[in-house]
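Each chain, letter by letter, is given below.
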Amino acid sequence: MLRLSLEALQIVDAIDRRGSFSAAGKELHKVPSTISYTVAKLEDDLGVQVFQRNGPKVMLTTAGQELLKEGRYLLKAAQDLEHRVRRVACGWETELSIGIDSMFSAVALADDVRAFYAVAEQTRLRLSQDTLSGTWESLLERRVDLLLGAPGDGPAGGGYIAQPIGMLDFVFAVAPTHPLAQVAQPLSRAHLQQYRAVVVADSARHLAPRTVGVLLGQDVLSVPNMQVKFDYQVLGLGFGFLPGPCARAAIASGLLVEKAVEEPKPSETFYLAWRVGEDGAALRWWMARMREPDVFARLAQHLPGRA
């Protein structure tokens, strides 16, 4: 007889993520006594200590770490099986996750979300954001079902379908108070090397991260998304390339100054992407909606400085 249950694994996972029995109970809507009893029974059944207790705080033992490492694969497999069974029964996924590159605001999808809820049959919707290679990685690692605005060509290896939805040009810009604003000629590597670049950090955890417009040994300020990058460049805390639509709006209002550079950044193509073989009703609805001609224009309308 199996001594390990999915419920026990789910509780161990929640305790590890939340840091305490009580916090795990709140997440799982279980009373603390149930959490404690399940963990104690699990430890007794397996004959190992899963957690080290230090007051209200708990930490996984070495055995507990191994249990949870493999146990999370089982939980994911069980969740996938549950979704597949329900999908077969009614055609609609229990949950659909859409990943949007952090360059764009998820607010751009507000009308689409409203329209989806008007037709969806009990499908939970999850929106998430990653950056650069991290956006593609989220699809390959099955954290999202559909990518919107994924930048550049996807990683090698296949397993997904990608369709271009639009392109953006990029403008090099600095605040009027930045020292580079006063340089007359096109900016060379020697000019840029002296000052700080503001970059959006790639969120990839396993794929090779992308670095855009950074010189070897240069001082770099890494920020979580394009909105912060835009704001920091307006504040004069560094330089960098910005999407053309938001850069030109800020230049027109005097917040930024466009500068010619010897090595400009080429325009980039953005993609809609999904995994091969996926065919739920909710995914089909979103794929059709995101192929409409105005989708990328709506995304561009919600770039930093334009929302």
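Just above, that's the structure.
Nothing here was measured: the structure is a model prediction, and the numbers come from that model.

### Topic: the overall build of the protein
Consideration 1: Each helix and strand counted, the protein has eleven helices and twelve strands in total.
Consideration 2: Taking the principal axes of the C-alpha coordinates as reference, the protein spans close to 75 × 45 × 35 Å.
Consideration 3: Relative to its full complement of 307 residues, the protein shows a buried share of 45%.
Consideration 4: Across the protein, the fraction of contacts at a sequence separation of at least 24, relative to all contacts at a separation of at least 6, is 70%.
Consideration 5: When the accessible surface of the protein is summed, it comes to about 16100 Å², and 54% of that surface belongs to carbon and sulfur atoms.

### Brief notes about the sheet that holds strand E5 (residues 146–151)
By definition, the strands of a sheet pair up through backbone hydrogen bonds, in either a parallel or an antiparallel sense.
Consideration 1: Read from one edge to the other, the open sheet built from five strands follows the order E4-E3-E5-E12-E6, with strand pairing classed as mixed. Looking at the sheet topology across the chains shown, the edges are occupied by strand E4 (124–130) and strand E6 (160–168). Taking each pair of neighbouring strands and ignoring which way they run, the sheet shows an average axis angle of 20 degrees.
Consideration 2: The pairing of E6 with strand E12 (residues 268–275) spans eight bridges and is antiparallel. Opposite Ala162, over in E12, you have Ala273 as the bridge partner.
Consideration 3: Contacts from helix H10 (residues 281–290) reach strand E3 (95–101), E4, E5, E6 and E12, with the element oriented near 35 degrees to E5.

### With respect to the environment of Thr177
Consideration 1: Structurally, Thr177 can be placed in the loop between strand E7 (170–174) and helix H7 (189–193).
Consideration 2: Owing to a relative accessible area of 71%, Thr177 belongs among the exposed residues under this scheme.

### Structural notes on helix H8 (residues 226–234)
Consideration 1: Of all the positions in H8, only Met226, Lys229, Phe230 and Gln233 are classed as buried. Across the axial projection of H8, the buried residues extend over an arc of 100 degrees, all falling on one side.
Consideration 2: On its buried side, H8 packs onto E7, strand E8 (197–200), strand E9 (220–223), strand E10 (240–243) and helix H9 (244–252).
Consideration 3: By the N-cap criterion, in which a side-chain oxygen at the helix start approaches the backbone nitrogen of a residue two or three places on, H8 is capped by Asn225, the distance to Gln227 being 3.2 Å.

### Brief notes about unusual backbone geometry
Consideration 1: You will see that His29, though not glycine, has its phi angle at about 60 degrees, which is positive.
Consideration 2: Note on placement: His29 falls in the loop between helix H2 (21–28) and helix H3 (32–46).
Consideration 3: By relative accessible area, His29 is classed as exposed at 74%.

### Focus: the packing of helix H5 (residues 110–119) against H10
Consideration 1: Axis separation between H5 and H10 bottoms out at 11 Å; the angle between their running directions is 145 degrees. Crossing handedness for the pair H5 and H10: right-handed. Between H5 and H10, the residues in contact are Asp111, Asp112, Val113, Ala115, Phe116 and Val119 and Ala282, Trp285, Trp286, Arg289 and Met290, respectively.
Consideration 2: Of the residues assigned to the contact of H5 with H10, the class counts are eight nonpolar, no polar and three charged.

### Observations concerning the packing of helix H1 (residues 6–18) against H3
Consideration 1: Between H1 and H3, the least distance of the axes is 10 Å, while the angle of their chain directions is 110 degrees. Considered as vectors, H1 and H3 are oriented roughly perpendicular to each other. Remark: the crossing between H1 and H3 carries left-handed chirality. In contact with Ala8, Ile11, Val12 and Ile15 of H1, H3 contributes Ile35, Thr38, Val39 and Leu42.

### Remarks on the sheet that holds E10
Consideration 1: In spatial order, the strands read E10-E7-E11; together these three strands make up an open sheet with antiparallel pairing. The sheet is open, and its two edges are formed by E10 and strand E11 (257–258), each paired on a single side.
Consideration 2: Two strands pair when backbone bridges link them, and E7 and E10 are joined in this way by four bridges, in the antiparallel orientation. Residue pairing across strands places Val171 opposite Leu242, the latter belonging to E10.
Consideration 3: Sheet strands touched by H8: E7 and E10. Its angle to E10, the strand with the most contacts, is close to 125 degrees.
Consideration 4: With respect to the sheet, H9 is in contact with E7, E10 and E11, its orientation differing from that of E10 by roughly 100 degrees.

Conventions used here
Residues numbered from 1 in each chain as written. Predicted model: local features only at pLDDT ≥ 70, side-chain atom pairs only at ≥ 80, totals over all residues. Heavy atoms only, no water. Helix = DSSP H or I, 4+ residues; strand = E, 2+ residues; numbered from the N terminus. Buried < 20%, exposed > 50% of the residue type's maximum accessible area, 1.4 Å probe, protein only. Contact = heavy atoms within 4.5 Å. Areas by Shrake-Rupley, 256 points an atom, 1.4 Å probe, with all protein chains shown as cover. Pairing = 2+ DSSP bridges. Axes fitted to C-alpha atoms, helices over the stretch in contact; angles between N-to-C directions. Arc of directions from axis to C-beta. Polar contact = N/O pair within 3.5 Å; in protein donor to acceptor, adjacent residues only side chain to side chain. Left-handed = near helix turned anticlockwise from the far one by under 90°. Nonpolar A, V, L, I, M, F, W, Y, C, P; charged D, E, K, R; others polar. Parallel < 35°, antiparallel > 145°, perpendicular 65-115°, else oblique.

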